[in-house]
Amino acid sequence: MVIWGLISLFLMGSNTVAGQHPCYVVVDPGHGGKDPGAIGKLGTKEKDITLKIALYLRELAEQDDDVEVILTRTKDVYLPLSTRIEIAQAYNPGMFVSLHCNAARSRQLHGVEVYILSPARTNWERAVEARENEALKWELDLPEGDEATILYDLAQIEMLQESKVLAKYVLNNMVDDVQLHDRGIKQANFYVLRVFMPAILVEMEFISNPNREQWLCKSINQKRIATAIYNGIKEFIRNYQ
Ligand SMILES: [Zn+2]
């Protein structure tokens with residue numbers, strides 16, 4: 001944590017001095033290591049799909065001077081949610097995109113949902129929130145207190161509008177280009193989205209649907225998803241910077 005604090009100070013300092021830099025996009029492959037995330041019927045683990053798509057996203061940015069993609073993890077390692085937040089904040093101003101696969105008891109559900117940080121309104125949003133925040137159970141040292149939570153939430157409100165716009169661009173690209181079923185922009189109180197910058201959590205497709213699980217495992221489809229998310233990010237940058 002101390003190390004990330006120092007890196008953060010260094011980066012913020014260098015940004016101010018340098019003035020110009022590529023747009024930082026912190027891409028967060030959900031789960032990892034001892035935390036597999038959701039597991040499909042055929043045994044596919046969410047943590048592996050999110051990492052592969054994140055690596056493709058970074059590849060896309062390598063050919064683009066305007067965007068620098070930073071991954072919170074590049075291997076199958078466990079990373080506490082609080083560390084993911086610290087990494088994101090080291091690259092502020094920028095944006096944060098957390099990648100996940102959805103899961104439901106019904107094996108029929110399919111489609112993409114993009115979340116922003118706001119109190120959950122429906123049972124479904126609450127269920128997804130609970131499942132993704134469950135990663136906290138792996139963490140030994142929880143920084144969360146009631147007061148801290150309220151402060152986090154107030155600070156995040158400023159970013160809400162921009163996060164909504166980012167969510168819309170990413171969702172539209174995934175629906176139009178990958179032909180994923182549009183389940184809409186949703187909101188939930190995801191711990192990992194408390195990053196004080198435009199931030200979204202993408203539930204890319206349902207790993208609990210065996211057809212979609214097989215689809216998710218194909219690298220051609222992983223690349224299509226990465227490209228659609230990337231195009232959404234680029235649209236956001238064009239319109240906001
Ligand atoms: Zn997840």
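Residues numbered from 1 in each chain as written. Predicted model: local features only at pLDDT ≥ 70, side-chain atom pairs only at ≥ 80, totals over all residues.

- Looking at an unreviewed UniProt entry, the chain carries the name MurNAc-LAA domain-containing protein, with the source organism given as candidate division WOR-3 bacterium 4484_18.

**Observations concerning helix α3 (residues 81–90)**
And then number 1: Burial within α3 is extensive, with seven of its ten residues counted as buried.
And then number 2: Along α3, the positions that sit buried rather than exposed are L81, R84, I85, I87, A88, Q89 and A90. (Buried ≥ 20, exposed ≤ 12 C-beta atoms within 10 Å, placed from the backbone. Helix = DSSP H or I, 4+ residues; strand = E, 2+ residues; numbered from the N terminus.)

**Focus on the environment of N209**
And then number 1: Note on placement: N209 falls in the loop between β6 (199–206) and α6 (210–217).
And then number 2: Spatially, the C-alpha atom of N209 lies 9.2 Å from that of R105, the residues being 104 residues apart in sequence.

**Structural notes on the pairing of strand β1 (residues 23–29)**
And then number 1: Burial analysis of β1 places seven of its seven residues in the buried class, which makes it a mostly covered element.
And then number 2: Burial along β1 is two-sided: the residues C23, V25, V27 and P29 and Y24, V26 and D28 are all buried.
And then number 3: The pairing of β1 with strand β2 (residues 67–71) spans five bridges and is parallel. Counted as the bridge partner of V25 is V69 from β2.
And then number 4: Where the polypeptide runs from β1 across helix α2 (residues 46–62) and back to β2, its parallel neighbour, the crossover connection is right-handed.
And then number 5: Bridging between β1 and strand β3 (residues 94–102) involves six bridges; their strand directions are parallel. Looking across to β3, one finds that D28 is bridged to S98. (Pairing = 2+ DSSP bridges. Right-handed = clockwise from strand over helix to strand, strands pointing away.)

**Quick look at the sheet that holds β3**
And then number 1: What the six strands build is an open sheet, ordered β2-β1-β3-β6-β4-β5; its pairing is mixed. Strand pairing shows two members of the sheet lacking a second neighbour, β2 and β5 (182–188), which therefore form its edges. When the angles between neighbouring strand axes are averaged without regard to direction, this sheet yields 25 degrees.
And then number 2: Two strands pair when backbone bridges link them, and β3 and β6 are joined in this way by six bridges, in the parallel orientation. The residue of β6 that forms the bridge with L99 is V202. (Axes fitted to C-alpha atoms, helices over the stretch in contact; angles between N-to-C directions.)

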